[in-house]
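Chains, contacts and geometry: an overview
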Amino acid sequence: LPEDTWSTLRGVKGKVVKEHYELLDGELAGLGLAAAESHKCKADLAAFGKERYNNLIEEAVKSAPKIIKDKFVKAFCYDGKGMPRVWGPRVDVGEINAAAKKEAVSALSLLAISQIEGDRDLSEVEEALETLALASSSSGAASAEGGSSAPALSSLFASDSWPDLDREDVLLDPIECRSVWRQMESEISYTVSQAVTAHEAAKQASNRGPPLWTIIAMLFLGWNELMSLLYNPVLLVLLILLFVLGRAVYTRIDLGAELEKGFIPALISISMKLTPILIEVSQQFAWQIKEAIEKNAQAGQVQAQGAAGNSNNKKED
């Protein structure tokens, strides 16, 4: 449900009415009717059109629970690119849930008040519905009930009219909005609980380390290899360099973020990134080694020049 729904409907309505007025003028042109009778025919046509599109709007409003549920599911289950959302360990489910409910509130406020005749100020309606969404959620229920706005909220949603709005413009009164919102929440509760469960499982999987007995077994069984490394410093230096290179590659790949996409997409993405990252890290590593060698060479030259100068001074003395 786009934000410009009512402006689009007004544009379509004006175009259709203009076309039918032109057709009516063409049909009545040769009848020689008086201007008053012609205006009456146009007024009857406009009244019929108004009744017709009001009936269509009322039929559409009857599907309000499905519309706001679809709006919530689209914002909650899909990201900004339209891809299904993966509930990885770094995803904030609560923030996404709040943003999706805000989208549903915006859709419900558009359905609650008719703007076919002109724009209306819906700020108070949206604010009331946002307060209702907060109060109905498990996290905000306690604060809403204990706050000073709770009595005002209860009295508003026990009324059959919105303040400062004409009854003829009201498509869903506060009582109906509350009923629609509760129906929507009952239908999306399973989706939200599934997302929370998947998020918690991903967090536990990412924080899970090797058992203690495996670490002790590795130390015990690998003692000979450890001693051989200590007695062979060249191999130790090569392993350290390999570890630094591997850690630099791992940091640039960001394996945790890639795995949130799924195993197969992550494998494809990593395989495409691996070669350029290896080349970049190797070049940077070689440049740092070259820079360190040059600095050591310059320091050696300075020390040699200083030693030569000191020897010359001693000879002169």
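In this text the structure is predicted, and so the values were computed from the model without any measurement.

So, about the packing of aromatic side chains. Any pair of aromatic rings gets described here by the distance separating the centres and the angle formed by the planes. Per the counting criterion, the structure on display carries two aromatic pairs. Here Phe72 and Phe76 contribute two aromatic rings whose centre-to-centre distance is 5.3 Å and whose plane-to-plane angle is 15 degrees, an arrangement assigned as stacked. Taken as a pair, Phe72 and Phe76 lie in helix α3 (residues 64-77) at a separation of four residues, close to a single helical turn. For the pair formed by Phe72 and Phe76, the shared burial category is buried. Judged by its relative accessible area of 0%, Phe76 falls in the buried class. In textbook terms, an aromatic cluster arises when at least three aromatic residues are bridged by ring pairs, as seen for Phe72, Phe76 and Trp87.

Moving on, we get to the environment of Pro163. With respect to the helices and strands, the residue Pro163 is situated in the loop between α7 (149-156) and α8 (174-207). Between the C-alpha atom of Pro163 and that of Val125, which follows or precedes it by 38 residues, the distance is 8.8 Å. Each residue touching Pro163, except ones within four places of it in the same chain, is listed here: Glu124 and Leu156.

Of all hydrophobic cores here, the largest spans 40 residues; its most connected members are Ile68, Phe76, Leu129, Trp162 and Trp181. For this core, the elements supplying multiple residues, two or more each, are α2 (35-61), α3, α4 (93-112), α5 (123-136) and α8. Take this core: its biggest share by element is ten residues, from α4. Setting aside residues up to four positions removed in sequence, Ile68 forms contacts with Ala104, Ala107, Leu108, Leu111, Val180, Trp181 and Met184.

In this model, helix α11 (residues 233-253) (21 residues) spans 30 Å end to end at C-alpha, consistent with the 30 Å of a helix rising 1.5 Å per residue. Positioned one or two residues after α11, Asp254 has a phi angle of 55 degrees, which is positive.

So, about the packing of α3 against α4. Axis separation between α3 and α4 bottoms out at 8 Å; the angle between their running directions is 150 degrees. Here α3 lies roughly antiparallel to α4, going by the angle between them. For the pair α3 and α4, the sense of crossing is right-handed. The segment α3 lies against α4, with Ala64, Ile67, Ile68, Lys71, Phe72, Ala75 and Phe76 engaging Val93, Ile96, Asn97, Ala100, Lys101, Glu103, Ala104, Ala107, Leu108 and Leu111.

With that out of the way, let us pick up the pattern of salt bridges. Counting across every chain of the model gives six salt bridges. Residue Glu59 is joined to Lys62 by a salt bridge in which the shortest nitrogen-to-oxygen separation is 3.4 Å. Of the residues examined, Glu59 reaches a relative accessible area of 49% and is grouped as partly exposed. Overall, the relative accessible area of 61% leaves Lys62 in the exposed class. When the shortest N-O distance is used, the salt bridge between Lys69 and Glu187 registers 3.9 Å. Taken together, the residues Lys69 in helix α3 and Glu187 in helix α8 connect sequence positions 118 residues apart. Lys69 gets classed as partly exposed once you look at its relative accessible area, which sits at 28%. Given a relative accessible area of 34%, Glu187 falls into the partly exposed group.

Criteria and cut-off values
Residues numbered from 1 in each chain as written. Predicted model: local features only at pLDDT ≥ 70, side-chain atom pairs only at ≥ 80, totals over all residues. Heavy atoms only, no water. Phe/Tyr/Trp six-rings, centres within 6.5 Å; stacked < 30°, edge-to-face > 60°. Helix = DSSP H or I, 4+ residues; strand = E, 2+ residues; numbered from the N terminus. Buried < 20%, exposed > 50% of the residue type's maximum accessible area, 1.4 Å probe, protein only. Contact = heavy atoms within 4.5 Å. Core = buried A, V, L, I, M, F, W, Y, C linked by side-chain atoms within 4.5 Å. Expected span 1.5 Å × (residues − 1). Axes fitted to C-alpha atoms, helices over the stretch in contact; angles between N-to-C directions. Parallel < 35°, antiparallel > 145°, perpendicular 65-115°, else oblique. Left-handed = near helix turned anticlockwise from the far one by under 90°. Salt bridge = Lys/Arg side-chain N within 4 Å of Asp/Glu carboxyl O.

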